[in-house]
Amino acid sequence: MLLRLPTSVSEARDCLAEGAIPVGGATLVWAAWQRDGFPEQAVSLRKVPEATAMGNGVLGGAVLLHQVDDRVPEVLRQAAKGVGTGAVRRAATVGGNVAGSTLRDLLPAALVLDAWAEVLTPDGVYEVDLAEVQAKSPVLLALRWREPVQGAYAKVADPAGGEVPTVVAAAVDTEGVLRVAVREGYAVSSGGVGADGGGVEELFAGALSGVSEAGRSLVRHQVAKVRGE
């Protein structure tokens, strides 16, 4: 397998156009490649500046999870810190977690930041919302967001022994809008209420109506933290 390491977006586009398979840390695909055969060529964005940027409202898709630091909001940093083991975090990338993984630990944090994605295709770079990222699993060049006032993140294992921990993220932005996202199992739900006094119970009656009672308790706790209650 030939691993191509472009140093610009235009070079990366050419690699995709020529059939190179996108790869970050290969934590999600290595076993399948060993079983089914390796592609002729793969492409990594780890030398593309736009894909390794961090800070000022951007997090590149090629950033390794263990590299995510205080240049990004606390809610996103805690999400990266909670993924897998140290060995996994030293190999796995932001793009692989958000766009390639079925678990997508970083996705709830990105949703409450009202983030959007820059994705790379053979035709160019496009801005898309996170719903499209979930649906299509594109090549993630970067996440972008508006800075929150306060955020909180929690990841709690199912006491019944379930394999997928529940994740809850909450954030309040500069205009007082509260956003909450929950992952239970493999499903992620999210919603927001305005600065006019809307509360978490309003979310439970709408966008988060499918969240379990245990999940709702965790949501209430995280919302209290970001609101300083």
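Residues numbered from 1 in each chain as written. Predicted model: local features only at pLDDT ≥ 70, side-chain atom pairs only at ≥ 80, totals over all residues. Heavy atoms only, no water.

**Student:** Any chance you could explain the sheet that holds strand β8 (residues 148–156) here in plain terms?
**Tutor:** Picture the strands of a sheet paired through backbone hydrogen bonds; they go either parallel or antiparallel. Read across the sheet, four strands follow the order β8-β9-β10-β11 without closing on themselves; strand pairing throughout is antiparallel. Both outer strands of the open sheet, β8 and β11 (187–193), are each paired with one neighbouring strand and no more. Adjacent strand axes in the sheet meet at a mean angle of 10° when their direction is disregarded. Relative to strand β10 (residues 178–184), strand β9 (residues 166–173) runs antiparallel, the two being bridged by six bridges. Note on β10: the bridge partner recorded for Val168 is Val182. This element, helix α3 (residues 74–81), spans β8 and β9 of the sheet and lies at about 20° to β8. (Pairing = 2+ DSSP bridges. Helix = DSSP H or I, 4+ residues; strand = E, 2+ residues; numbered from the N terminus. Axes fitted to C-alpha atoms, helices over the stretch in contact; angles between N-to-C directions. Contact = heavy atoms within 4.5 Å.)

**Student:** For this particular structure, what's the right way to read the pairing of strand β5 (residues 116–121)?
**Tutor:** Two faces, one strand: in a regular strand the side chains alternate between the faces of the sheet. For β5 and strand β6 (residues 124–129), the ladder comprises six bridges, and the chain directions are antiparallel. Within the sheet, the bridge partner assigned to Glu118 lies in β6 and is Glu127. Between β5 and the antiparallel strand that follows it, β6, lie two residues. Bridging between β5 and strand β7 (residues 139–144) involves five bridges; their strand directions are antiparallel.

**Student:** Is there a simple way to think about the pattern of salt bridges in this case?
**Tutor:** It is possible for side chains bearing opposite charge to pair when their charged atoms get close. Enumeration over the complete set of coordinates arrives at eleven salt bridges. A salt bridge links Arg71 to Asp69, with the shortest nitrogen-to-oxygen separation between them at 2.9 Å. Classification of Arg71 by relative accessible area gives partly exposed; the value is 46%. Of the residues examined, Asp69 reaches a relative accessible area of 24% and is grouped as partly exposed. Asp114 serves as the salt-bridge partner of Arg146, at 3.8 Å between the closest nitrogen and oxygen. (Salt bridge = Lys/Arg side-chain N within 4 Å of Asp/Glu carboxyl O. Buried < 20%, exposed > 50% of the residue type's maximum accessible area, 1.4 Å probe, protein only.)

**Student:** What is the right way to read the side chain of Thr166 from this model?
**Tutor:** Looking at the element boundaries, Thr166 is found in strand β9. With a relative accessible area of 16%, Thr166 lands in the buried category. Setting aside residues no more than four positions away along its own chain, Thr166 makes contact with Ala154, Lys155, Val156, Val182, Arg183, Glu184 and Leu218.

**Student:** Explain helix α1 (residues 9–17) to me, please; I cannot follow it from the model alone.
**Tutor:** What sets the pattern is the α-helix's 3.6 residues per turn: residues three or four places apart point alike. Among the residues making up α1, those that are buried are Val9, Ala12, Cys15 and Leu16. Summarising the axial view, the buried residues of α1 lie within an arc of 115°, below the 170-degree limit, and thus occupy one face. Where α1 is buried, its residues touch β1 (2–4), β2 (21–22), β3 (41–43), β5, β6 and β7. Residue Gly19 follows α1 closely and has a positive phi angle near 95°. (Arc of directions from axis to C-beta.)

**Student:** It is not clear to me how the nonpolar core should be interpreted in this structure. Could you clarify?
**Tutor:** The tendency in soluble globular proteins is for nonpolar side chains to be buried as a group. Ranked by size, the top nonpolar core spans 36 residues in total, and within it Leu59, Val94, Leu106, Leu130 and Leu143 carry the most contacts. Only α3, α5 (94–100), α6 (106–112), β5, α7 (130–136), β7 and β9 provide two or more residues apiece to this core. Take this core: its biggest share by element is six residues, from α6. Residues contacting Leu59, with those up to four places away along its chain left out, are Ala53, Met54, Val68, Val72, Leu76, Val94, Ala142, Leu143 and Trp145. (Core = buried A, V, L, I, M, F, W, Y, C linked by side-chain atoms within 4.5 Å.)

**Student:** Help me understand the environment of Asp129 in this model?
**Tutor:** Tracing the backbone shows Asp129 in strand β6. The sequence separation of Asp129 and Glu118 amounts to eleven residues, and the corresponding C-alpha distance is 8.8 Å. A polar contact is formed between the side chain of Asp129 and the backbone nitrogen of Ala131, at a distance of 3.2 Å. From its side chain, Asp129 meets the backbone nitrogen of Glu132 in a polar contact 2.9 Å long. (Polar contact = N/O pair within 3.5 Å; in protein donor to acceptor, adjacent residues only side chain to side chain.)

**Student:** What's the story with the pairing of β10 in this structure? I'm lost.
**Tutor:** Extensive coverage of β10 is indicated by the burial of six of its seven residues. Hairpin connection between β9 and β10: a loop of four residues separates the two successive antiparallel strands, and Gly176 in this loop has a positive phi of roughly 85°. The sheet contact formed by β10 and β11 spans seven bridges and is antiparallel. Pairing of Ala181 across the sheet is with Ser190, part of β11.

**Student:** Please explain the sheet that holds β3 as it appears in this structure.
**Tutor:** Strand order in the open sheet made by the three strands is β1-β3-β2, with parallel pairing throughout. Sheet topology places β1 and β2 at the edges, where each strand pairs with a single neighbour. When β2 meets β3, the two strands line up parallel, connected through two bridges. The residue bridging Pro22 from the neighbouring strand is Val43, located in β3.

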